[in-house]
Amino acid sequence: MDEEPRWELVDLISRIDAWGRSAPERLVHQSDAASLTWGDLIRRSDALAGAIASSCLRPGSPIVLRGHKEPEMLVGFLGCAKSAHPYVPIDVAVPESRAERIVAAANAEMVLTPERIRELEALGRPRPLLSGDLETPFYVMFTSGSTGEPKGVVITRGCLDAFVSWMLNEQHFATGGETFLNQAVFSFDLSVMDVWCCLATGGTLFSLTATVLSDFRRLFQSLASSGVTTWVSTPPFAQLCLADRGFRQELLPHLTRFLFCGDVLTGEIAQRLIERFPMAEVWNTYGPTEATVATTSVQIRGEVLRRYPQLPVGVAMPGSKVLVVDDGGVRVTDGTRGEIMIVGPNVSPGYLGRPELSARVFSSRDGMRAYRTGDWGVYEEGLLFFQGRMDNQVKIAGHRIELGDVEAQVASLASVRGAAVVTSIKHGRADSLHAFVVLVHRPPGSDLEIGAALRKELASLLPAYMLPRKFHVLNRFPLTANGKTDRKALAAMVNA
Ligand code: AMP
């Protein structure tokens, strides 16, 4: 006779399992392509966890989940959690060669696609839940690294617990009643906000697939049928939607909340959303992947809009501190600009297998983990304001990109001798990437043709959002007085 599985109480996961028992028929995930019920999510993730547990992997070794927004990805997240293996999401938009480097960097023994998940589920039998403590890695999110090697941010169960508990306490989501918009791909940590808040509250996740996102008409049809109550996206995505006059409360009659993170929320976007969605609150949240999605928040009400032309990112979540410090890590006085440092249980223990890189930015402070963000910030009237980056990391349409990462890939092309990548600026924000290249031999053809060929080659190394929009062929780079590539001069050329 089959042994009754004995589930240990693990708060977040047992809470999620309880939803599967109390509302098995309700949808937990929906997109234009597929849907999944709560009952099936729990049954299938138990079976997957059983199959993983029988696979003799190194205990706690990362498992790569390579897919897009299929329901199996959710089955995979939970299956990994229930077998105490961190998951590493890689969207299918990431080219194979980059995905392979991530698999190698994660030292992953198992790569699961939606098809493979279905096969494994068929083999697996539920097993007792493997307990992990709060320090157990829960997921590893790879982000752009400045030298061209993606870096894996390790997020523990404790980090995720801290983040989700804060969101639930602050946002008072309707339990069992929310439909969360999932715009970001699962390999962007913004999606952690919608996925895990949805799972913790027994909601429904409404995913916008790449197919829907690439077609405005379908996007609006999809939104109209979504029943979304909580919107989670980067501000640039909302800005894109606002370009259509039909983007208003009538389209999303149940929408009560916009949650933004990952990029600057301008007063203009917030103002227009407040006007067009009278029933919805607008929240700005701030934080890097290294501190589990977001650490500060503020509701953007009318008085905040009127008072601050540049919107604040808010105040720290309870239990964490967000400091503004000088070069030596000493807090600066309010009104003085410094680097934003995050201290708390939501801070990652570091980059996977990269102790030196980790040591540069992670430390401990007041008995908690601390992370230097590389973001400029300032406190005014008790509110934190983000003031741009201290380095060459940029955000393009909400995507985090290290210019050095793109440069390293462009420079790796056989025909390229040297490369420098800068951003064009539109309305005060990074808009697109421009690559300046010095070639080994100049082939026949215009700069445009040469650029198109380079771009095509680069597409096998970088996801589409990291591809330079334009290539400029130079005979040599302009140099600064001390002989370095003069990036300011290059940036001036594209922003003339
Ligand atoms: P990511 O790790 O992709 O979430 O990117 C983190 C970076 O995005 C931060 O270090 C900031 O530079 C930027 N960022 C995140 N949230 C905000 C926000 N609300 N406003 C402005 N920039 C933000």
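Residues numbered from 1 in each chain as written. Predicted model: local features only at pLDDT ≥ 70, side-chain atom pairs only at ≥ 80, totals over all residues. Heavy atoms only, no water.

Chemist: Where do I start with the packing of aromatic side chains in this structure?
Modeler: Aromatic ring pairs are described here by two measures, namely the spacing of the ring centres and the angle between the planes. Inspection of the entire model under this criterion finds 19 aromatic pairs. Between Phe362 and Tyr371 the ring centres are 4.9 Å apart and the planes differ by 35°, which places this aromatic pair in the tilted class. In this pair, the class of Phe362 matches that of Tyr371, namely buried. Put simply, the rings of Phe216, Phe220, Trp231, Phe237, Phe247, Phe258, Phe260 and Phe277 pair up and form one aromatic cluster. The ring of Trp376 carries the charged tip of Arg337 above its face, separated from the ring centre by 3.8 Å. (Phe/Tyr/Trp six-rings, centres within 6.5 Å; stacked < 30°, edge-to-face > 60°. Buried < 20%, exposed > 50% of the residue type's maximum accessible area, 1.4 Å probe, protein only. Lys NZ or Arg CZ within 6 Å of the ring centre and 35° of its normal.)

Chemist: Mind showing me how you'd approach the nonpolar core here?
Modeler: Generally speaking, soluble globular proteins have nonpolar side chains that are buried together. Within the largest apolar cluster, 78 residues are counted, with the highest numbers of intra-cluster contacts made by Leu41 and Trp196. Sort the elements by how many residues they give to this core and helix α7 (residues 190–201) lands first, with nine residues. Those residues within four positions of Leu41 in sequence are excluded, and the remaining contacts are Val28, Leu36, Leu74, Val75, Leu78 and Leu199. In terms of nonpolar packing, the next biggest core, distinct from the first, is built from 35 residues, Ile269, Ala280, Val304 and Tyr308 among them. (Core = buried A, V, L, I, M, F, W, Y, C linked by side-chain atoms within 4.5 Å. Helix = DSSP H or I, 4+ residues; strand = E, 2+ residues; numbered from the N terminus. Contact = heavy atoms within 4.5 Å.)

Chemist: Mind showing me how you'd approach the domain arrangement of the protein here?
Modeler: Interface extent is often summarised as the accessible area lost during association of the parts. On domain assignment, one finds that the protein holds domain 1 (12–385) and domain 2 (393–494). A separation of 30 Å is found between the C-alpha centroids of domain 1 and domain 2. Every contact between the two is made by 25 residues of domain 1 and, on the other side, 17 residues of domain 2. At the boundary of domain 1 with domain 2, total buried surface from both sides reaches about 1,500 Å², with 43% on carbon and sulfur atoms. At the boundary of domain 1 with domain 2, the tally comes to three salt bridges. Salt-bridge contacts for Asp263 lead to Arg429; the nearest nitrogen and oxygen are separated by 3.4 Å. Connecting domain 1 to domain 2 are ten residue pairs in polar contact (both at pLDDT 80 or more). (Domains from an automatic or database assignment. Buried area = accessible area lost by both parts, 1.4 Å probe. Salt bridge = Lys/Arg side-chain N within 4 Å of Asp/Glu carboxyl O. Polar contact = N/O pair within 3.5 Å; in protein donor to acceptor, adjacent residues only side chain to side chain.)

Chemist: Mind showing me how you'd approach the pairing of strand β8 (residues 179–182) here?
Modeler: Side-chain alternation along β8 places Thr179 and Leu181 on one buried face and Phe180 and Asn182 on a second face that is also buried. Both β8 and strand β9 (residues 204–207) contribute to a ladder of four bridges, which runs parallel. Opposite Asn182, over in β9, you have Ser207 as the bridge partner. Handedness of the crossover joining β8 and β9 through α7 is recorded here as right-handed. (Pairing = 2+ DSSP bridges. Right-handed = clockwise from strand over helix to strand, strands pointing away.)

Chemist: Which parts of the structure should I look at to understand the pairing of strand β11 (residues 257–260)?
Modeler: Consecutive residues of a regular strand have side chains that alternate between opposite faces of the sheet. Along β11, one buried face is formed by Arg257 and Leu259 and the opposite face, lined by Phe258 and Phe260, is buried too. As defined by bridge partners, strand β10 (residues 230–233) adjoins β11 across four bridges and the pair is classed as parallel. Pairing of Trp231 across the sheet is with Phe258, part of β11. Read as a crossover between parallel neighbours, the route from β10 over helix α10 (residues 235–242) to β11 is right-handed. By the bridge criterion, four bridges tie β11 to strand β12 (residues 281–286) in an arrangement that is parallel. Following the sheet pairing, Arg257 is matched in β12 by Glu281.

Chemist: Help me out: how do you make sense of the site of the ligand in this one?
Modeler: Thr285, Thr289, Asp375, Lys395 and Arg400 are the nearest of the 17 residues found near the ligand. Within the side chain of Thr289, a nitrogen or oxygen atom sits 2.5 Å from an oxygen atom of the ligand. Contact with the protein chains hides 97% of the accessible area of the ligand, taken as 490 Å² for the molecule alone. Secondary structure elements with two or more residues in the shell around the ligand: β12 and β20 (383–389). If one sorts the elements of the shell around the ligand by residue count, β12 sits on top with three residues. Split by residue class, the shell around the ligand holds six nonpolar, five polar and six charged. (Near = heavy atom within 4 Å. Areas by Shrake-Rupley, 256 points an atom, 1.4 Å probe, with all protein chains shown as cover. Nonpolar A, V, L, I, M, F, W, Y, C, P; charged D, E, K, R; others polar.)

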